[in-house]
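Summary of the model geometry
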Amino acid sequence: MLRKKNQLGTDLSLKERIETAESKLEKNQPDTPTNKLHGGRVVTELASHCFTGGMIGWLLDIVFGTKPIIFIIGFFFGVAASIRTIYNLAQKQLNDEFE
Amino acid sequence: MADPLHQFEIKPLIPLNLGGIDVSFTNASLWMVISFAVMVLFLLIGVRKTSLIPGKMQSMAELSYEFIGGLIKENIGNEGRKYFPIIFSIFIFVLGCNLMGLLPYSFTVTSHIIVTFAIAFLFFIGITLIGLFKHGFKFFGLFLPDGVPLFVAPLMIIIEIVSYFSRPVSLAIRLTANMLAGHIILKVLAGFVISLGFVFGLVPLALLIVLTGFEFFVAFMQAYIFAILACVYLNDVLHLH
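As a starting point, this report considers the structure included with it.

About the criteria used
- Residues numbered from 1 in each chain as written.
- Chains lettered and ligands numbered in written order.
- Predicted model: local features only at pLDDT ≥ 70, side-chain atom pairs only at ≥ 80, totals over all residues.
- Heavy atoms only, no water.
- Helix = DSSP H or I, 4+ residues; strand = E, 2+ residues; numbered from the N terminus.
- Buried < 20%, exposed > 50% of the residue type's maximum accessible area, 1.4 Å probe, protein only.
- Contact = heavy atoms within 4.5 Å.
- Areas by Shrake-Rupley, 256 points an atom, 1.4 Å probe, with all protein chains shown as cover.
- 1 Å grid on protein atoms, 1.4 Å probe; cavity = no way out; pocket = protein on both sides within 12 Å on 5 of 7 lines; lining within 4 Å.
- Points joined across faces, edges and corners; volume = space filled by probe spheres on them.
- Nonpolar A, V, L, I, M, F, W, Y, C, P; charged D, E, K, R; others polar.
- Buried area = accessible area lost by both parts, 1.4 Å probe.
- Salt bridge = Lys/Arg side-chain N within 4 Å of Asp/Glu carboxyl O.

Before going further, it helps to examine the overall build of chain B. Secondary structure assignment for chain B yields six helices and four strands. Helices (α) and strands (β) of chain B occur, in sequence order from the N terminus, as β-β-β-β-α-α-α-α-α-α. Taken along the three principal axes of its C-alpha coordinates, chain B extends 70 × 55 × 45 Å. With 241 residues in all, chain B has 42% of them scored as buried. For chain B, contacts bridging at least 24 residues in sequence account for 68% of all contacts bridging at least 6. With the model as given, the accessible surface of chain B reaches about 13500 Å², and the carbon-plus-sulfur share is 76%.

Looking only at helices and strands, one finds five helices and zero strands in chain A. Counting only residues that meet the buried cut, chain A has 19% of its 99 residues in that class. Summed over its atoms, the accessible surface of chain A is roughly 7700 Å², and 66% of this surface lies on carbon and sulfur atoms.

All names here are of chain B. Here the second largest pocket is characterised by a volume of approximately 670 Å³. Together, 25 residues line the second largest pocket, and Gln7, Leu103, Pro104, Tyr105 and Lys187 are the ones closest to its centre. Sort the elements by how many residues they give to the lining of the second largest pocket and helix H5 (residues 153–200) lands first, with seven residues. In terms of residue class, the lining of the second largest pocket is built from twelve nonpolar, nine polar and four charged.

What follows concerns the interface of chain B and chain A. When the parts come together, some accessible area is lost, and that loss is often what is quoted as the size of the interface. Contact residues are listed per partner, giving 21 residues for chain B and 20 residues for chain A. Carbon and sulfur atoms supply 78% of the area that chain B and chain A bury against each other, a total of about 1700 Å² over both sides. Sorting the residues of chain B by area buried against chain A places Ile159, Val162 and Arg174 of chain B first, and these three jointly supply 28% of that buried surface. There are two salt bridges connecting chain B and chain A. The salt bridge partner of glutamate 45 of chain A is arginine 174 of chain B, with a shortest N-O separation of 3.6 Å. When residues of the side of chain B that touches chain A are traced back to their parent elements, those giving at least two are H5 and helix H6 (202–238) of chain B. In terms of residue count, the dominant contributor to the side of chain B that touches chain A is H5 of chain B (13 residues). When the residues that make up the side of chain B that touches chain A are grouped by side-chain class, the tally is 16 nonpolar, three polar and two charged.

Here it is, written out as structure tokens:
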């Protein structure tokens, strides 16, 4: 077994064979998982931004004693932030595709 | 039918009370310790007898190392090399918890949002401090994107701050939601198998087997996504714009 492996190590054509195998692998590879999972990512971004905006507003409400006002404003800022993040994600994906 | 949410119940195993705070050793703590121990053992056995031609365990350990190494090189570049330990630890711990949660009668630690949020938030504090120490006052330029007209700048700053703070939340929600949903579906289908009896129960049983395989995929995938997003966020604070 060991002798066989040593023989392989000195085989000059092995390098070529590995290269052709790797190029074949690259051709067969589907899209990277991160590109495909953007749909799921968008949903969680939407939820988490609204939650975070609301939470920041709620904490500021406690500090200033203006109960629901900053919470509501913060929630809408969260919605705006989520739309901006999703826009950035979409733009990044488009840029990656055209590179 | 059995309660599909029963599996997420936290039961104290060793009740402890320190200064009015409940710090009991619960089943969640037990499974955290178990998954930590299993992953440490896996890596230790992998590097115990190192040889030029790796054995099965060694190549598995090396694969996980190279996987995260490649992830960091791809997303951060050479500068990210010194942050390898933290990304690798997070990946291995999350992966361990996800996989251990798939054992029968086990407890899925990562299905509790407080656990994932604690990991994500500690990482978030860490990267914020890294950014502050590296860039000083310039770090706050992260909150003002390039080419924003002056009259919308105050609005943009608030939006950017909200989206910066929502990073750990989205990390935590993504991992928790995936683990929670998967485990609830598995339990609901298992309940169908029991209630439909021997003949008709075979259909949900087949689905259950397929979904269990899928859950293994999800366990790997979510650990991978947690690690890759950690890399992306770290890259953002290391290279401002």
